[in-house]
Amino acid sequence: MALLIQNGTVVTADSTLAADVLVDGGVIREVRALDSVARIDPVGHEVVDARGLLVLPGGVDAHTHLDMPFGGTYSSDDFETGTRAAAIGGTTTIVDFAIQSRGMKMRTALDTWWGKAEGKACIDYGLHMIITDLGASGLEDMDSMVGEGVASFKLFMAYPGVLMVDDATIFRALRQTAKNGALVCMHAENGSVIDVLVQEALAEGKRAPVYHALTRPTVAEAEAVQRAIAMAEMAGALVYIVHLSSEDALNQVREARDRGLPAFAETCPQYLLLSLEDQMPGKSFEEAKYVFTPPLRKKANQQKLWDGLKHDHLQVVSTDHCPFCFADQKALGRDDFSKIPNGGPGIENRMQLIYHHGVNAGRLSLNRFVEITATAPARIFGMYPKKGTIAAGSEADLVLWDPEAEHTISAATHHMRVDYSMFEGFRVRGNARRVYSRGELIVDGGEFVGRVGRGKYLRRDARGR
Ligand SMILES: [Zn+2]
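What you see is a predicted model; the values in this text were computed from it and never measured. (Residues numbered from 1 in each chain as written. Predicted model: local features only at pLDDT ≥ 70, side-chain atom pairs only at ≥ 80, totals over all residues. Heavy atoms only, no water.)

Asker: Would you mind showing me how to read the sheet that holds strand S9 (residues 91-99) here?
Answerer: Adjacent strands of a sheet form backbone hydrogen bonds with each other and so pair up, either parallel or antiparallel. One open sheet holds the eight strands; their spatial order is S6-S9-S10-S11-S12-S13-S14-S15, and the pairing between them is parallel. Here the strands that pair on one side only, and so sit at the sheet edges, are strand S6 (59-64) and strand S15 (316-317). The pairing of S6 with S9 spans four bridges and is classified as parallel. Its bridge partner lying in S9, Gly59 is registered against Thr91. (Pairing = 2+ DSSP bridges. Helix = DSSP H or I, 4+ residues; strand = E, 2+ residues; numbered from the N terminus.)

Asker: How should I be thinking about the coordination of the zinc ion in this particular structure?
Answerer: In ideal tetrahedral geometry, four donors around a metal make angles of 109.5 degrees, whereas ideal octahedral geometry with six donors gives angles of 90 or 180 degrees. Only His63 (NE2), His65 (NE2) and Asp320 (OD) from the protein reach the zinc ion as donors, at distances of 2.0 to 2.2 Å. All donor residues of the zinc ion come from one chain, and their arrangement in sequence is H-x1-H-x254-D. Residue His63 is found in strand S6, and its partner Asp320 is found in the loop between S15 and helix H12 (350-360); the two are separated by 257 residues along the sequence. Assigned by exposure class, His63 and Asp320 land together as buried. (Donors = N, O, S within 2.8 Å, 3.2 Å for Na, K, Ca; no water. Buried < 20%, exposed > 50% of the residue type's maximum accessible area, 1.4 Å probe, protein only.)

Asker: How do you make sense of empty space enclosed by the protein when you look at a structure like this?
Answerer: Where empty space is left in the structure can be found by rolling a water-sized probe over the atoms. Tallied over the full model, the rule gives one cavity of 30 Å³ or more. The space that makes up the largest cavity amounts to roughly 30 Å³. As for the largest cavity, its lining consists of Pro57, Gly58, Thr92, Lys386, Lys387, Gly388, Thr389, Glu395 and Asp397. Of the residues that constitute the lining of the largest cavity, the class distribution is one nonpolar, four polar and four charged. (1 Å grid on protein atoms, 1.4 Å probe; cavity = no way out; pocket = protein on both sides within 12 Å on 5 of 7 lines; lining within 4 Å. Points joined across faces, edges and corners; volume = space filled by probe spheres on them. Nonpolar A, V, L, I, M, F, W, Y, C, P; charged D, E, K, R; others polar.)

Asker: What exactly am I supposed to notice about the pairing of strand S1 (residues 3-11) here?
Answerer: Look at any regular strand and the pattern is simple: side chains alternate between the two faces of the sheet. The element S1 is largely enclosed, with a buried count of eight among its nine residues. As defined by bridge partners, S1 adjoins strand S4 (residues 46-49) across four bridges and the pair is classed as parallel. Directly across from Leu4, in S4, lies its bridge partner Val47. Inspection of the sheet shows S1 paired to strand S2 (residues 16-24) by seven bridges, in the antiparallel sense. In the sheet register, Ile5 faces S2, and the bridge partner there is Val21. If you look at the hairpin formed by S1 and S2, you'll find four residues sitting between the two strands.

Asker: Please explain the packing of helix H3 (residues 138-147) against helix H4 (residues 167-180) as it appears in this structure.
Answerer: A pair of packed helices can be characterised by two numbers: the angle between their axes and the separation between those axes. Viewed as axis vectors pointing N to C, H3 and H4 meet at an angle of 40°, and their least axial separation amounts to 10 Å. Compared by their axis directions, H3 and H4 come out oblique. Taken as a pair, H3 and H4 cross one another with a handedness that is right-handed. Mapping the contact onto sequence places Leu139, Met142, Asp143 and Val146 in H3 and Arg172, Ala173, Gln176, Thr177 and Asn180 in H4. Residue composition of the contact of H3 with H4, grouped by class: four nonpolar, three polar and two charged. (Axes fitted to C-alpha atoms, helices over the stretch in contact; angles between N-to-C directions. Parallel < 35°, antiparallel > 145°, perpendicular 65-115°, else oblique. Left-handed = near helix turned anticlockwise from the far one by under 90°. Contact = heavy atoms within 4.5 Å.)

Now the structure itself:
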C-alpha cells in the first residue's frame, strides 16, 4: 500500500511548503501543495496526518566511526547500535570509514567493513576509505574503490606512525581523484609538531586529559588546512576538511573559497556547543569524556563556526561519532592523556542539537538547517538526489519532526552504547516523532520499530556534486 503523509510542512534546502507527500515502493512519487486545485486522493493509501509537524529529509551524517579499532580497543557502538541510535535521532544515512592498514589492499578493508555492517545496519550506509599506504598498486586501488561506490577517501595529516601519511602520498591521492572524480577528505592537523608537544608535556609530568587539548594548538590545525588546500589546488582537485574546529582553520577555508577554490568543510556539534572553558577546566579525569581530535577549543570559536555555517564557509555538520565508554575504555589513559582513546558519542543528537541551537536560537534558517544536515552532505558525497531532499523520485527517507517536542539529552535515556553523553542535561526543543527509511516506518515515538540489518550499502557517485 502506498503511504500518504498529509498536512505537513515540507522543508527542503530551498523551500518550505504546506504539502502532501505520496510514497510508494520506497520512493517519493509526488509532493503536492495543500493549496493545489485538487489534493492527492487518499483512497487506497495508508494515511498519516502530519498536521503541526515538519516533514524533513532524513538526516545524512557523513562522518561516523562504528566498530572502529583505535588504540587497542574498538569504538563501543557497532553498526547495529550506532545506526539504531542515529535513526532515533532522525538520521537515515551515514557514511562510515573503512580503514586500509599499511600493506593491505583497499579491497580487503572494504570487505572487512561490509562484514561489520552486514546484517546489522538499521539505516543505509556508505563507506569512505581511509588510505594509509598507496604502495605499488594504491592508485589503481583507488579507481577500483570508486567502481564499488566508495566515492571518497580520507587521509590523515595527524597521528604519526599510525594513520599519518606524508605530503607526497596526499598529493598523489589528490591527483588521482582529479582524474577519477572522487573526493579527498582531510584530517588536517600538523601531526609532527603535535607529537613533539605531546612528548614534551609528558616529560614534564603533564598527564591529565586537558593536556590532550593543550598540545594541539589551533595553529596546527590552520597550517594543515592551508597545506591541504594548497596541495589540492596544485593537483586540480577538490578537498573536504573534516571536523573543522577553530576560527583559525575556518579562515583558511574561507579565503580559499573566496578565491573560487573547490574547498569544503564540515564541523561537528561538539565544536559548536562545548568548549575548553566549560568542559575541560583541567580538574579531573572526567574530562577524558571530551578527549577527541581536534580537541575542544576556547569558547570564542563557537560563534565563528556558527557564522561559518550560516554564510556557507562551512557546508556540513556531521558528528565524528566515535564513542568509547568512560569506565573501561577512556580509563586506559588514566595516567597518560596520550593513551585515552580519541572520540566521543553524538550520532543520536545531531539533529536535535543543531535544530535547537541553530533554528530555535535564530542562527540558522529552517532551510539552511536541512541543507547542512542532509542536502549538502548528500550532494558532496555523491548521494543526491536519491538522499538528502524531498522530491519526486527521491528515496523516501523522511522525518516527521515535532518542532514543539521537548527533550533532555542524557546517557540514562539515550540509545547509543556508551556510558556517558557529551551533552548530558542539554534541553532541546524539536525532535523526531516518526522516521521513515525508503518508505518503511523505522522509528515511532522515540522507539526503533524497524528491522535490524535492513540498511543497505550505498554505492555513491564520484563527481556527485
Ligand atoms: Zn573521524
